[in-house]
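So the chains spell out like this:
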Amino acid sequence: MVIHPKIRGFICTNAHPVGCAAHVQQQIDFIQQQPKIEAVPQRVLVIGCSTGYGLATRIATAFGAGAKTIGVCFEKEPTEKRTGTAGWYNTAAFHEAAQAAGLYAKSFNGDAFSNEMKAEVIEQIKEDFGQVDLVVYSLASPKRKDPNSDQVFSSTLKPVGQAYTTKTYDTDRDEVKEISLEPANDDEIAQTIKVMGGEDWELWLDALNQAGVLAPNCKTTAYTYIGKELTWPIYGHATIGKAKEDLDRAAAAMRARYTNLNLEAYVSSLKALVTQASSAIPVMPLYISLIYGVMKEEGTHEGCIEQIYRLLTEGLYAANPKLDEAGRLRMDGKETNDATQAKIKALWDQVNQDNFHQLADYEGYHSDFLKLFGFGIAGVDYDADVDPVVSWS
């Protein structure tokens with residue numbers, strides 16, 4: 001079939017297999033052009049491995065350090081009449097490139113929150129390489145089924161304490177407008193923490209430890225976004241912020257719990273980027289469009305793969321990584337420093353419907369959005385007839 005993007009709201013409902021493969025290859029090429037990552041261990045588990053920062057982590061550890069990787073994701077398989085999800089094609093492309101390079105790679109497709117998935121992954125670890133040295137938690141989901149009670153929890157994107165009115169950009173209507181969000185109630189806060197907090201990260205580490213597959217001196221990290229003043233009402237002082245606080249709690253708890261292994265557990269704060277998750281969050285399309293313009297002008301803009309390469313070399317495996325007051329690894333300083341934020345705040349105060357396309361880098365935002373689904377990649381013929389059915393090797 002000939003595949004062109006079908007965009008509905010903040011999501012693209014199809015994906016291009018050739019474009020996704022090309023996007024994965026671009027990230028592999030970047031990593032292979034960097035100095036080898038010497039300190040990264042050779043046995044890596046990435047929970048949430050098929051898009052964004054999770055995919056970038058898998059690429060960086062495999063092609064930058066030669067690591068064996070196991071990945072967990074939840075993606076839709078293609079049929080002859082319908083494309084698979086972008087994450088499906090990304091994973092297929094990763095597998096093909098890893099096989100060509102002689103790198104071990106196995107992936108599991110299913111509910112990462114379930115006990116069954118944890119058990120399957122553990123058996124594979126035992127069978128193939130005994131223990132893991134690095135566990136990366138990069139899941140983003142609107143819902144989570146508790147593996148023990150089967151209760152389904154849903155997250156919400158709301159402020160906490162009081163209503164919040166701010167600017168946002170409606171990508172469907174090409175419109176800068178005001179948006180008002182009512183404060184979350186206690187149940188909505190609790191459910192968001194259950195979905196997006198640290199509980200499942202802890203359950204993964206507990207299952208791995210109980211099975212004896214956590215190596216001594218193992219490291220683990222969960223990815224988060226913290227932001228600054230402009231995004232705090234929807235991130236820091238909001239339901240998501242409460243979930244992020246729970247990640248900090250989980251990291252501290254695991255450091256205390258696994259002292260026998262000398263486990264290092266960190267929350268890693270990364271910069272704001274166009275991802276399938278961030279596209280759905282009010283305020284973020286406008287904010288990201290503005291920071292893209294500012295940071296590109298400053299020469300500090302980074303994508304997922306650049307951020308993860310720095311996280312591995314300057315954060316997780318640096319001799320003296322810089323931590324904030326909560327013990328987090330902060331890779332977002334090029335965005336959150338006062339000088340850059342002052343520029344963004346000045347633009348935020350000015351931006352309106354009439355000047356949005358002059359002040360913001362929406363072209364860059366939209367280009368990155370399309371690339372998430374394999375579209376807009378140079379060198380790909382989007383009028384060519386392609387087979388949507390691609391399998392993982």
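This is a predicted model, so every value here is computed, not measured. Per chain, residue numbering runs from 1 following the sequence as it is written. In keeping with the predicted nature of the model, local features appear solely for residues at pLDDT of at least 70, side-chain atom pairs appear and are counted solely at 80 or more, and the whole-chain, interface and lining totals rest on all residues. Hydrogens are left out, water is left out, and the side-chain values use all remaining heavy atoms of the structure.

## Comments concerning a negative patch on the surface
Working step 1: Any residue with relative accessible area above 30% and no salt bridge may belong to a patch, with like charges joined within 9 Å and the nonpolar Val, Leu, Ile, Met, Phe, Trp and Tyr side chains within 5 Å. Methods summary: accessible areas were calculated by the Shrake-Rupley approach with a probe of 1.4 Å, and residue burial reflects only the protein chains presented. One side-chain nitrogen of Lys or Arg within 4 Å of one carboxyl oxygen of Asp or Glu is enough to make a salt bridge. Only four residue types enter the charge count, namely Lys and Arg as positive and Asp and Glu as negative; His and the chain termini do not. Where a charge lies is defined by one atom per residue type: Lys uses NZ, Arg uses CZ, Asp uses CG and Glu uses CD. A cluster of acidic residues, D111, E116, E120 and D150, forms a negative patch on the protein surface.
Working step 2: Labels follow the DSSP assignment, with helices taken as runs of H or I lasting at least four residues and strands as runs of E lasting at least two, numbered in each case from the N terminus. Relative to the helices and strands, D111 resides in the loop between strand 5 (105-109) and helix 4 (115-128).
Working step 3: Relative accessible area serves as the criterion here: at 32%, D111 is assigned to the partly exposed category. Buried means the residue's accessible area, taken with a 1.4 Å probe over protein chains only, is under 20% of the maximum for its type, while exposed means over 50%, and partly exposed covers the values in between.

## Overview of the pattern of salt bridges
Working step 1: In the structure shown here, the tally under the stated rule is 24 salt bridges.
Working step 2: K228 is paired through a salt bridge with D338; the nearest N and O atoms lie 3.8 Å apart. In this pair, K228 sits in the loop between strand 11 (214-224) and helix 7 (239-257) while D338 sits in helix 11 (residues 338-350), placing the two residues 110 residues apart along the sequence.
Working step 3: According to the relative accessible area criterion, K228 is partly exposed, its value standing at 23%.
Working step 4: Between D324 and R330 there is a salt bridge; the shortest N-O distance is 3.0 Å.
Working step 5: On the accessibility criterion, R330 (26% relative accessible area) is partly exposed.

## So, a positive patch on the surface
Working step 1: Together, K6, R8, K76 and R82 make up a region of like positive charge exposed at the surface.
Working step 2: Tracing the backbone through its elements, the reader meets R82 in the loop between strand 4 (68-73) and helix 3 (86-100).

## Let's talk about unusual backbone geometry
Working step 1: Of note, D150 is a non-glycine position whose phi angle comes to about 65°, a positive value.
Working step 2: Inspection of the secondary structure assignment puts D150 in the loop between strand 7 (143-145) and strand 8 (152-154).
Working step 3: With a phi close to 65°, N217 is a non-glycine residue in the positive phi region.
Working step 4: By the element assignment, N217 lies in strand 11.
Working step 5: Residue N217 is classed as partly exposed on the basis of its relative accessible area, which comes to 48%.

## A short note on the pairing of strand 10 (residues 175-181)
Working step 1: When DSSP locates at least two bridges between a pair of strands, those strands are taken to pair. Note that strand 9 (residues 164-170) and strand 10 share 7 bridges and pair antiparallel. When the bridges of strand 10 are listed, T166 appears paired with I179.
Working step 2: Hairpin connection, strand 9 to strand 10: the antiparallel pair is bridged by 4 residues, and D174 has positive phi, about 50°.

## Some words on the UniProt feature "site: Plays an important role in discriminating NADH against NADPH" (unreviewed entry) in the chain
Working step 1: Here, the residues flagged by UniProt with the feature "site: Plays an important role in discriminating NADH against NADPH" (unreviewed entry) are E75.
Working step 2: Mapped onto the fold, E75 is located in the loop between strand 4 and helix 3.
Working step 3: Any two residues having at least one pair of non-hydrogen atoms within 4.5 Å are treated as being in contact. In this view, E75 contacts S50, T51, T85, G87, W88 and N109; residues no more than four positions away in its chain are not counted.
Working step 4: Under this definition, polar contacts are N or O atom pairs within 3.5 Å; protein pairs additionally need one hydrogen-donor-capable and one acceptor-capable atom, and for neighbouring residues in sequence, both atoms have to be side-chain atoms. In this structure the side chain of E75 is engaged in a polar contact, spanning 2.6 Å, whose partner is the side chain of S50. UniProt positions are given in the numbering used here, feature names are shortened, and annotations may be inferred rather than shown by experiment.

## A look at the pairing of strand 12 (residues 264-269)
Working step 1: Strand 12 sits mainly inside the fold: 5 of its 6 residues count as buried.
Working step 2: Here 6 bridges tie strand 11 to strand 12, and the two strands are oriented parallel to one another. Note that in strand 12 the partner of A222 across the bridge is V267.
Working step 3: Crossovers are described as right-handed under a simple rule: with the strands pointing away from the observer, the path leading from the first strand over the helix to the second runs clockwise. Chirality of the crossover, the property in question, places the unit of strand 11, helix 7 and strand 12 among those that are right-handed.

## Thoughts on the side chain of S107
Working step 1: Relative to the elements of secondary structure, S107 occurs in strand 5.
Working step 2: A distance of 2.7 Å separates a polar atom in the side chain of S107 from a polar atom in the side chain of R58.
Working step 3: There is a polar contact of 2.7 Å between the side chain of S107 and the side chain of H95.
Working step 4: Those residues in contact with S107 that sit more than four places away from it in its chain are R58, G71, T91, H95 and W392.

## Quick notes on the environment of V390
Working step 1: By the element assignment, V390 lies in the segment after helix 13 (362-371).
Working step 2: Distance in space between the C-alpha atoms of V390 and E80 is 9.8 Å, their sequence separation being 310 residues.
Working step 3: Setting aside residues up to four positions removed in sequence, V390 forms contacts with P17, P78, W88, Y89 and A92.

## Side note on helix 11
Working step 1: The span you would expect from a helix comes to 1.5 Å times its residue count less one. Over its 13 residues, helix 11 extends 18 Å from the first C-alpha to the last, a length consistent with the 18 Å expected when each residue adds 1.5 Å.
Working step 2: All of the buried residues along helix 11 are T340, Q341, I344, L347 and W348. The buried residues of helix 11 occupy an angular sector of 125° when projected down its axis, which confines them to one face. Residues of helix 11 that are exposed and point more than 90 degrees away from the buried face comprise D338 and A339.
Working step 3: Buried residues belonging to helix 11 abut strand 9, helix 8 (284-298), helix 10 (333-336) and helix 12 (356-359).
Working step 4: Sitting at the amino-terminal end of helix 11 is N337, which places a side-chain oxygen 3.2 Å from the backbone nitrogen of A339. Directions pointing from the helix axis toward each C-beta atom define the arc.

## What to know about the packing of helix 2 (residues 52-65) against helix 9 (residues 304-316)
Working step 1: A fitted line through C-alpha atoms represents every axis, and for helices the fit uses only the stretch in contact; the resulting angles, taken between N-to-C directions, go from 0 to 180 degrees. Orientation of helix 2 relative to helix 9, taken along the N-to-C sense of each, is 55°, at an axis distance of 9 Å. Taken together, the axis directions place helix 2 and helix 9 in an arrangement best described as oblique. Between helix 2 and helix 9 the crossing geometry is right-handed. Along the contact surface, helix 2 presents G52, Y53, A56, T57, I59, A60 and T61, while helix 9 presents C304, I305, Q307, I308 and L312.
Working step 2: Any residue outside Ala, Val, Leu, Ile, Met, Phe, Trp, Tyr, Cys, Pro, Asp, Glu, Lys and Arg is labelled polar, Gly included; the first ten of those are nonpolar and the last four are charged. When grouped by side-chain class, the residues that make up the contact of helix 2 with helix 9 number 8 nonpolar, 4 polar and no charged. Note that the term roughly parallel is reserved for angles under 35 degrees, roughly antiparallel for angles over 145, roughly perpendicular for angles of 65 to 115, and oblique for everything else. By the definition used in this description, the sense in which the near helix is turned from the far one sets the handedness, with an anticlockwise turn below a right angle giving left-handed and a clockwise turn giving right-handed.

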